[in-house]
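Tertiary structure, described
Residue-level listing of the chains:
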Amino acid sequence: MKPLKIVMLQDVVYTERIFKPEHVKQIQRHGTLCINPRKSPPTPDEVAELIVGADIAITSWECPPFEAAILDRCPELKLIAHAAGTVKPLMSPDVISRGIRVCSANEALARGVAETTLGLTIVSLKNIWQLARNTRDGEWNKQRELVRELYEVTVGVIGAGLSGRHYIRLLQQFEVQVLVYDPFLSASQIQEMGAVKVELDQLLQQADVVSIHAPSIPETNHLMNERTLRLMKDDAILINTARGSLIDEEALVAELRQGRLWACLDVTQPEPPDVQHPFRSLPNVTLIPHIAGATNNGLHRLGSFIAREIDLFVQDSPLLGEVKLSGLHSMA
């Protein structure tokens, strides 16, 4: 294969945060690497200028979609490698019609989401959030009786995509029952993961922990609403590391005000929530600033993944993060 022209289109701030020097060198082995030097998100005109003659385009957050005006500048473009999660903001019908392959670092990002979710699961069951406040206030034994272990409890997973699957894998290290609601997967596929396929209502009625990993699509908008939230057990824990749109926040606030549930929210709609939003003041909410996937050193996992994807592409080997654009609707 002739030396390739590879272009990093994201601004240099993202490039330096995601790609370590060794990742850059790994990519440079395959040809000429052009790095966008600008420190602000690239405009469509800037991308059109940078991408001229490219064989591979590397993207990340805040890159514009690949419309025809951009793709016309790089007729030999063979691969778009996205050093972030969802590729939906980048896609246009022109990408599909021209047969350009697309991969993303969603697999690497999903691992971070799953690991964060496991952490939230353990500390929430153990009531760490409240116990820490009590201990600071001199209440050494207050609410110790509410502590639960990640043992002989039921964990419900809504959506067994990449992050949901990895969370299920992590849960295999514990003696727990795992229930999964995912209309896109068969019972046998879920059984192979070590879990049991159920309908949403059954999951909510039986789970001690409910963790949301479903994609944000019209069918999942406000999946957790007044009716479904009421199905959850008293003292159950609701974890959302997916998208804020999956929860009817007014309905969740109403349930939380009754003191029935505990919510761990990495995502809201909008982000951040208003300064007066009840999520900021209710005692049974753990609110964190959308950091479940990859932050700081965790971003390097994305750079490593994309560098390896380009190696595989050049070797004509299957890509680990290839996106089947025909199924884009059902993806996160």
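Further up the page is the structure itself.
Below, the structure is looked at part by part. (Residues numbered from 1 in each chain as written. Predicted model: local features only at pLDDT ≥ 70, side-chain atom pairs only at ≥ 80, totals over all residues. Heavy atoms only, no water.)

1. Structural notes on the pattern of salt bridges
It is possible for side chains of opposite charge to pair when their charged atoms get near one another. The final tally for this structure, using the stated rule, is 15 salt bridges. Here Glu-46 and Arg-38 are joined by a salt bridge, their closest N and O atoms 3.4 Å apart. In this structure, the salt-bridge partner of Asp-55 is Lys-78, at a minimum N-O distance of 2.8 Å. Taken together, the residues Asp-55 in the loop between helix 3 (44–50) and strand 3 (56–59) and Lys-78 in the loop between helix 4 (68–71) and strand 4 (79–82) connect sequence positions 23 residues apart. Given the relative accessible area of 3%, Asp-55 is considered buried. One continuous salt-bridge network, built from bridges that share partners, spans Arg-38, Glu-46 and Glu-49. (Salt bridge = Lys/Arg side-chain N within 4 Å of Asp/Glu carboxyl O. Helix = DSSP H or I, 4+ residues; strand = E, 2+ residues; numbered from the N terminus. Buried < 20%, exposed > 50% of the residue type's maximum accessible area, 1.4 Å probe, protein only.)

2. Considerations on the sheet that holds strand 8 (residues 196–197)
Strands in a sheet are paired, the pairing made by backbone hydrogen bonds, and the direction either parallel or antiparallel. Spatial ordering of the open sheet is given by 8-7-6-9-10-11-12, a layout of seven strands whose pairing is parallel. The two strands at the open ends of the sheet, each matched to only one other strand, are strand 8 and strand 12 (285–287). Bridge count for strand 10 (residues 237–240) against strand 11 (residues 262–265) is four bridges, and the pairing is parallel. Bridge pairing in strand 11 links Ile-239 to Cys-264. Against the sheet, helix 8 (residues 162–171) engages strand 6 (154–158), strand 7 (177–181) and strand 9 (209–212), with an angle of about 165° to strand 6. (Pairing = 2+ DSSP bridges. Contact = heavy atoms within 4.5 Å. Axes fitted to C-alpha atoms, helices over the stretch in contact; angles between N-to-C directions.)

3. What to know about helix 13 (residues 300–314)
Each full turn of the α-helix corresponds to 3.6 residues, which orients residues three or four apart in the same direction. Taking 1.5 Å as the rise per residue, helix 13 with 15 residues should run 21 Å; its terminal C-alpha atoms sit 21 Å apart, in good agreement. Turning to helix 13, its buried residues number three or more, namely Leu-302, Gly-303, Phe-305, Ile-306, Ala-307, Glu-309, Ile-310, Asp-311, Leu-312 and Phe-313. Each element contacted by the buried residues of helix 13 is listed here: helix 1 (12–18), helix 2 (21–28), strand 3, strand 4, strand 5 (101–104) and helix 6 (106–125). Phi for Asp-316, located one or two positions after helix 13, is positive at around 60°. (Expected span 1.5 Å × (residues − 1).)

4. Some points on unusual backbone geometry
For the bond from Gln-269 to Pro-270, the omega torsion is 0°, close enough to zero to count as cis. Each neighbour pair has its own omega, and for Glu-271 with Pro-272 the value is -10°, a cis peptide bond. Phi is positive for Glu-152, close to 55°, though the residue is something other than glycine. Along the chain, the position of Glu-152 falls in the loop between helix 7 (128–136) and strand 6. With relative accessibility at 62%, the residue Glu-152 sits in the exposed group.

5. So, the sheet that holds strand 4
One open sheet accounts for five strands, arranged 2-1-3-4-5; its pairing is parallel. At either margin of the open sheet sits one strand with a lone partner, and together these are strand 2 (31–35) and strand 5. Averaged over all pairs of adjacent strands, the angle between strand axes in this sheet comes to 15°, irrespective of strand direction. As defined by bridge partners, strand 4 adjoins strand 5 across four bridges and the pair is classed as parallel. Within strand 5, the position partnered with Ile-80 by the bridge is Val-102.

6. Regarding the side chain of Asp-266
Assignment of secondary structure puts Asp-266 in the loop between strand 11 and strand 12. At 2.7 Å, the side chain of Asp-266 forms a polar contact with the backbone nitrogen of Ile-291. Dropping the residues within four chain positions of it, Asp-266 is found in contact with Asn-240, Thr-241, Glu-271, Ile-288, Pro-289, His-290, Ile-291 and Ala-292. (Polar contact = N/O pair within 3.5 Å; in protein donor to acceptor, adjacent residues only side chain to side chain.)

7. Some remarks on the packing of helix 6 against helix 8
At a closest axis distance of 8 Å, the pairing of helix 6 and helix 8 adopts a crossing angle of 50°. Regarding the angle of helix 6 to helix 8, the classification is oblique. Classified by chirality, the crossing of helix 8 by helix 6 is right-handed. Across the interface between the two elements, Asn-106, Glu-107, Ala-110, Arg-111, Val-113, Ala-114, Glu-115, Thr-117, Leu-118 and Thr-121 of helix 6 pack against Leu-162, Ser-163, His-166, Tyr-167, Leu-170 and Leu-171 of helix 8. Of the residues assigned to the contact of helix 6 with helix 8, the class counts are eight nonpolar, five polar and three charged. (Parallel < 35°, antiparallel > 145°, perpendicular 65-115°, else oblique. Left-handed = near helix turned anticlockwise from the far one by under 90°. Nonpolar A, V, L, I, M, F, W, Y, C, P; charged D, E, K, R; others polar.)

8. What about helix 2?
When we look at burial in helix 2, the residues that qualify are His-23, Val-24, Gln-26 and Ile-27. Seen from one end, helix 2 has its buried residues packed into an arc of 160°, which puts them on one side. Summarising the geometry of helix 2, the exposed residues directed more than 90 degrees from the buried face are Pro-21 and Lys-25. As for helix 2, its buried residues are in contact with strand 1 (4–8), helix 1, strand 2, strand 3 and helix 13. (Arc of directions from axis to C-beta.)

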